[in-house]
Amino acid sequence: MKVSKNIILVGFMGAGKSSVARVLSAATGWPCVSTDDLIVQAEGRSINEIFRDNGEAFFRDVERRIILEVSKRQSVIIDCGGGVVLDSRNVEALRKNGVLVYLQTSPAEIFRRLKTQTDRPLLKTPDPQAKIKELLDYRSPFYAQADHTLMTDGKTPEQVGQEILRLRS
Ligand code: S3P
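Residues numbered from 1 in each chain as written. Predicted model: local features only at pLDDT ≥ 70, side-chain atom pairs only at ≥ 80, totals over all residues. Heavy atoms only, no water.

1. Details of helix H7 (residues 157–167)
Every α-helical turn comprises 3.6 residues, leaving residues that sit three or four positions apart pointing alike. What H7 keeps buried is the set Val-160, Gly-161, Ile-164 and Leu-165. One side of H7 carries all its buried residues, which in axial view fall inside an arc of 140°. Where the residues of H7 are buried, they touch strand S1 (6–10), helix H1 (17–28), strand S4 (98–104) and strand S5 (148–151). (Buried < 20%, exposed > 50% of the residue type's maximum accessible area, 1.4 Å probe, protein only. Helix = DSSP H or I, 4+ residues; strand = E, 2+ residues; numbered from the N terminus. Arc of directions from axis to C-beta. Contact = heavy atoms within 4.5 Å.)

2. Describing the site of the ligand
If you check the shell around the ligand, you find 13 residues, and the closest are Lys-17, Asp-36, Arg-60, Arg-120 and Arg-139. Note that an oxygen atom of the ligand is positioned 2.6 Å from one of the side-chain N or O atoms of Arg-60. At a separation of 2.5 Å, an oxygen atom of the ligand approaches a polar side-chain atom of Arg-120. Burial of the ligand by the protein chains amounts to 96% of its free accessible area of 380 Å². Spatially, the ligand is embedded in the largest pocket. (Near = heavy atom within 4 Å. Polar contact = N/O pair within 3.5 Å; in protein donor to acceptor, adjacent residues only side chain to side chain. Areas by Shrake-Rupley, 256 points an atom, 1.4 Å probe, with all protein chains shown as cover. 1 Å grid on protein atoms, 1.4 Å probe; cavity = no way out; pocket = protein on both sides within 12 Å on 5 of 7 lines; lining within 4 Å. Sits in = over half its atoms within 2 Å of the grid points.)

3. Re the packing of H1 against H7
Viewed as axis vectors pointing N to C, H1 and H7 meet at an angle of 55°, and their least axial separation amounts to 8 Å. The angle between the axes of H1 and H7 places the two elements in the oblique class. As for the relative orientation of H1 and H7, their crossing is right-handed in sense. Along its contact with H1, which presents Ser-19, Val-20, Val-23, Leu-24, Ala-27 and Thr-28, the element H7 presents Pro-157, Glu-158, Val-160, Gly-161, Ile-164 and Leu-165. Tallied by class, residues from the contact of H1 with H7 come to eight nonpolar, three polar and one charged. (Axes fitted to C-alpha atoms, helices over the stretch in contact; angles between N-to-C directions. Parallel < 35°, antiparallel > 145°, perpendicular 65-115°, else oblique. Left-handed = near helix turned anticlockwise from the far one by under 90°. Nonpolar A, V, L, I, M, F, W, Y, C, P; charged D, E, K, R; others polar.)

4. With respect to H1
The end-to-end C-alpha distance of H1 is 16 Å, a good match for the 16 Å that 12 residues give at a rise of 1.5 Å each. Turning to H1, its buried residues are Lys-17, Val-20, Ala-21, Val-23, Leu-24 and Ser-25. Residues of H1 that are buried make contact with S1, strand S2 (32–34), strand S3 (77–79), S4 and H7. Remark: Gly-29 follows H1 within two positions and exhibits a positive phi of approximately 80°. (Expected span 1.5 Å × (residues − 1).)

5. Focus on the pattern of salt bridges
Applying the stated criterion across every chain, the model contains 15 salt bridges. Linking Arg-45 and Asp-53 is a salt bridge whose minimum nitrogen-to-oxygen distance equals 3.9 Å. Residue classification places Asp-53 among the partly exposed positions, given a relative accessible area of 45%. In this structure, the salt-bridge partner of Lys-133 is Asp-137, at a minimum N-O distance of 3.3 Å. In this pair, Lys-133 and Asp-137 both sit in helix H6 (residues 128–143), four residues apart, roughly one turn of the helix. On the basis of relative accessibility, which here comes to 43%, the residue Lys-133 falls in the partly exposed class. Among the charged side chains, a salt-bridge network with shared partners connects Glu-43, Arg-45, Arg-52 and Asp-53. (Salt bridge = Lys/Arg side-chain N within 4 Å of Asp/Glu carboxyl O.)

Note that every value here comes from positions in space, so none of it alone points to a role or purpose.
Structural data, given as structure tokens:
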């Protein structure tokens, strides 16, 4: 992995992207940017509110605009929302300056990590476990476009971060 390239973390909700981004930021001195945080800032409301009031398609439009902006930056760690890879325009833009790292996580581990969380509108369903499986099945080929894949089950963010740093040396 070329050291000068942005490190772009992709993967399902609960994969640990934000925690790993912080580890990488501390180790490299590069700032980390979260696409979700930028969306919340741009819209002045929460992700739940955006989904509730305008729906997913609207959210994806805002997300795409944000991705186009952040992908122009250099020397940053980018913590991408779990659905960013679904749009090939996002993947193409991010790849120009960056290396995509897929943090892979099993459905059981995702459910365990997210079961007490309420800020994931896509999982607000009567059977979140089934929804996680369904979304992961559909999304796996999109995540597989990443340059590197690391399994995160049973690992701390520090361990995953160190593995990513080793890919660059
Ligand atoms: C989404 C993941 C969320 C957020 C939104 C949609 C998804 O980000 O962008 O709720 O489609 O997987 P995290 O992956 O950071 O939870």
